[in-house]
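Listed below, chain by chain, are the residues.
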Amino acid sequence: MIDAEMMLMLVYRLLALVVAIMMVVVLWRERDWRAQLFAALVFVPFALRAAGVK
Amino acid sequence: MGTRICFSVFALVVAVFAGWIFRSMREVEPIVAGPGVIEQRMLSAIEPSLANGPGDTPVFELAGTPGGTMLILGGTHPQEIGGVMAAILMVENARVTQGRLIVVPQANRSGFTHTDPMEAYLHRYEIETPAGTRWFRVGMRLTNPAHQWPDPDVFVHQPSLEQMVGHETRNLNRNHPGLARGWLTARVSHALTALAKEAALVLDLHEAQPEYPVINMIVAHENAFETAATASAMLQARRIPIGLSASPKNLHGLSHREFGDHAKVQAILTESANPAMGRFRGRTGEALVVEGRDPNYVRAAALKRLFVGFDERGWPLRLRVARNLASIKEILDAYNDLNPQSPIVVEGIPDYNDVVARGLGAFLQPPPRS
């Protein structure tokens, strides 16, 4: 059964996943290598949080 | 296109490597049931909602003929390893001839699965035993945010309604007496409060940084003050200086307050000196975590910035654990003197001088064969 706490955690992880996906989009859209690097760095913690690892 | 591919590969490699490190902290170190353990169960036996989750933790029971019951908690704050190791040494060495001893060495087990971000903490440390190497995790003060998130802006403690900073919602020692239908940390607390209700005496083993005023101290609920004062006096007489402090009545969520108020037990908390937790510390390697040595703290002591003495010998883990074990013995002796109708008689507690001289490895069980 999904309780309120679990629902909140699922929403939070979904948000983290959305941000991680957005970073991938930015990485592939941006022409400036610095913006690409920033997107790559920001991707890491959001991907880990979305996966529930960290 | 080239930089995009390079950065994509870079991000994936970093994510996989970091993920592997974080996942490795979920590997559980063995705690070996000693000769006095008669039963081992999980906390979920009391609070079924914890079953197979990150808050479920082993509960060891040692018992003899009928008498009183004592509950010992280690790892309420997992990085306070002097308390964790003292609880583990009790599980692996103690024998109860009368009464009952319940030991939970990793009270907040979720907290063992991560460390404080940006603090460069050691993830695990090793202790050599005559039969091989044992390893233990360091962990962090709070429940892992991967297990309980998000934090509220303001944490409102139940039932006192005291307001605290949001992340304290993941601090087990601000959640007592807990909630049956609450967040993970509150449910762990609720189960521990139920265990405390089985006991007459509860001891929660903690550590603090040397610059924190409540250090090398026994903090006692008014229910336990006579026991704690007697124990403190006996420790002073043995040249193991450990002070005494009364549990503040308006500071809620802490074990020494809420177990006394809600479980009606003699609730006591101890604090030993752990330089690996402090803000003055340098590199947080094994020299600091296990040996307790740090030149920054020697300088801080010379500048009179600390509440404990600190020299080149530092505050090694073996000394802190020895002090915790001596405290357990003196608290038990004091309790038995004051409550002769329901004593708790425990043998095999490693002696203070032996632990200091021979180290922790001499008192740990051999590592289990995998």
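What counts and what doesn't
Residues numbered from 1 in each chain as written. Chains lettered and ligands numbered in written order. Predicted model: local features only at pLDDT ≥ 70, side-chain atom pairs only at ≥ 80, totals over all residues. Heavy atoms only, no water. Helix = DSSP H or I, 4+ residues; strand = E, 2+ residues; numbered from the N terminus. Rg over C-alpha atoms; globule rule 2.2 N^0.38 Å. Buried < 20%, exposed > 50% of the residue type's maximum accessible area, 1.4 Å probe, protein only. Areas by Shrake-Rupley, 256 points an atom, 1.4 Å probe, with all protein chains shown as cover. Core = buried A, V, L, I, M, F, W, Y, C linked by side-chain atoms within 4.5 Å. Contact = heavy atoms within 4.5 Å. pLDDT = per-residue confidence, 0-100. Patch = residues over 30% accessible without salt bridge, like charges linked within 9 Å, V, L, I, M, F, W, Y side chains within 5 Å. Salt bridge = Lys/Arg side-chain N within 4 Å of Asp/Glu carboxyl O. Buried area = accessible area lost by both parts, 1.4 Å probe. Polar contact = N/O pair within 3.5 Å; in protein donor to acceptor, adjacent residues only side chain to side chain. Nonpolar A, V, L, I, M, F, W, Y, C, P; charged D, E, K, R; others polar. Phe/Tyr/Trp six-rings, centres within 6.5 Å; stacked < 30°, edge-to-face > 60°. Axes fitted to C-alpha atoms, helices over the stretch in contact; angles between N-to-C directions. Parallel < 35°, antiparallel > 145°, perpendicular 65-115°, else oblique. Left-handed = near helix turned anticlockwise from the far one by under 90°. Expected span 1.5 Å × (residues − 1). Arc of directions from axis to C-beta. Pairing = 2+ DSSP bridges.

Caption draft 1: A look at the overall build of chain A. Helix and strand counts for chain A stand at two helices and zero strands. Its C-alpha radius of gyration of 13 Å places chain A more than 25% over the 10 Å reference for a compact globule of 54 residues. Expressed along its principal axes, the backbone C-alpha trace of chain A runs to roughly 45 × 20 × 10 Å. Counting over 54 residues, chain A shows a buried share of 31%. Only carbon and sulfur atoms are counted for the fraction: they give 76% of the accessible area of chain A, which is about 3600 Å².

Caption draft 2: The nonpolar core, seen in detail. All names here are of chain B. Core analysis: the largest hydrophobic core is formed by 70 residues, its most contacted members being Leu101 and Tyr125. If near-sequence neighbours (up to four positions away) are discounted, Tyr125 is found in contact with Ile81, Met85, Arg134, Trp135, Phe136, Arg137, Val138, Glu286, Val289, Val290 and Leu317. Of all hydrophobic cores here, the second largest spans 21 residues; its members include Leu73, Val104, Leu184 and Ala263.

Caption draft 3: Broad picture of the side chain of B:Ser8. Position of B:Ser8 relative to the elements: it lies in helix 1 (residues 2–24). Using a relative accessible area of 16% as the deciding quantity, one classes B:Ser8 as buried. If we ignore the near neighbours within four places in the chain, the residues touching B:Ser8 are A:Leu27 and A:Trp28.

Caption draft 4: Representation of the confidence of the model for chain B in the model. When pLDDT is averaged along chain B, the result is 96, and 100% of the positions lie at 70 or above. What the predictor reports for the complex is a pTM of 0.94 with an ipTM of 0.92.

Caption draft 5: Quick look at a nonpolar patch on the surface. There is a patch of nonpolar side chains on the surface, built from A:Val24, A:Trp28, B:Met1, B:Ile5, B:Val9 and B:Val13 and spanning about 560 Å² of accessible area. Those elements that provide at least two residues to the nonpolar patch are helix 1 (4–29) of chain A together with helix 1 of chain B. When residues in the nonpolar patch are grouped by element, the largest group, three residues, is from helix 1 of chain B. Inspection of the secondary structure puts B:Ile5 in helix 1. On the basis of relative accessibility, which here comes to 43%, the residue B:Ile5 falls in the partly exposed class.

Caption draft 6: Unusual backbone geometry, seen in detail. Residues and elements named next belong to chain B. In this structure, Pro150 follows Trp149 across a cis peptide bond, with omega equal to 0 degrees. Along the chain, Pro150 turns up in the loop between strand 6 (132–137) and strand 7 (154–156). Cis geometry is found at the peptide bond from Gln158 to Pro159, where omega equals 5 degrees. As for its position among the elements, Pro159 is in the loop between strand 7 and strand 8 (163–165). Positive phi values are uncommon outside glycine, yet Leu161 reaches one of about 65 degrees. Its place among the elements puts Leu161 in the loop between strand 7 and strand 8.

Caption draft 7: Inspection of the interface of chain A and chain B at higher detail. Of the residues lining the interface, 22 residues belong to chain A; the matching set on chain B comes to 28 residues. For the pair chain A and chain B, the summed buried surface comes to about 2100 Å²; carbon and sulfur atoms form 67% of the total. When the buried area of chain A at its contact with chain B is split by residue, A:Glu5, A:Trp28 and A:Lys54 rank highest and sum to 30% of it. Applying the counting criterion to the chain A and chain B interface returns zero salt bridges. At the boundary of chain A with chain B, the tally comes to nine residue pairs in polar contact (both at pLDDT 80 or more). At the level of secondary structure, the elements contributing two or more residues to the side of chain A that touches chain B comprise helix 1 and helix 2 (33–50) of chain A. Here the side of chain A that touches chain B is composed, by residue class, of 13 nonpolar, two polar and seven charged.

Caption draft 8: Local environment of the packing of aromatic side chains. The full count for this structure, using the stated rule, is six aromatic pairs over all chains. Measuring from centroid to centroid gives 5.7 Å for A:Tyr12 and B:Trp149, while their planes differ by 45 degrees, and the two rings are tilted. Taken as a pair, A:Tyr12 in helix 1 and B:Trp149 in the loop between strand 6 and strand 7 lie in two separate chains rather than in one. A relative accessible area of 24% places B:Trp149 in the partly exposed class. Relative to B:Trp183, the ring of B:Phe155 lies with its centre 6.0 Å away and its plane at 85 degrees, an arrangement referred to as edge-to-face. One end of the pair, B:Phe155, is in strand 7; the other, B:Trp183, is in the loop between strand 8 and helix 3 (184–197), with 28 residues separating them in the sequence.

Caption draft 9: Quick look at the packing of helix 2 (residues 81–93) of chain B against helix 8 (residues 317–338) of chain B. Residue and element names in this part refer to chain B. Taken N-terminus to C-terminus, the directions of helix 2 and helix 8 make an angle of 60 degrees; their axes are 8 Å apart at the nearest point. One way to sum up the angle between helix 2 and helix 8 is to call them oblique. At the point where helix 2 passes helix 8, the crossing takes the right-handed sense. Contacts between helix 2 and helix 8 involve Ile81, Gly82, Gly83, Met85, Ala86, Leu89 and Met90 on the former and, on the latter, Leu317, Arg320, Val321, Asn324, Leu325 and Ile328. Here the residues of the contact of helix 2 with helix 8 are counted per class, giving nine nonpolar, three polar and one charged.

Caption draft 10: Looking closely at helix 4 (residues 225–237) of chain B. Residue and element names in this part refer to chain B. Taking 1.5 Å of rise per residue, the 13 residues of helix 4 would be expected to cover 18 Å, and the 18 Å separating its terminal C-alpha atoms lies within 8% of that figure. Three or more residues of helix 4 are buried, namely Thr227, Ala228, Ala231, Ser232 and Leu235. Seen along its axis, helix 4 keeps its buried residues to an arc of 125 degrees; they face one direction. Among the exposed residues of helix 4, those pointing more than 90 degrees away from its buried face are Glu226 and Ala237.

Caption draft 11: Summary view of the pairing of strand 3 (residues 65–73) of chain B. All names here are of chain B. As paired elements, strand 3 and strand 4 (residues 95–104) share six bridges and run parallel to each other. Residue Leu71 lies in a different strand from strand 4, and its bridge partner there is Ile102. Summarising the sheet, strand 3 and strand 9 (residues 201–208) pair through four bridges and their orientation is parallel. Residue pairing in the sheet places Ile72 in a bridge with Leu203 of strand 9.

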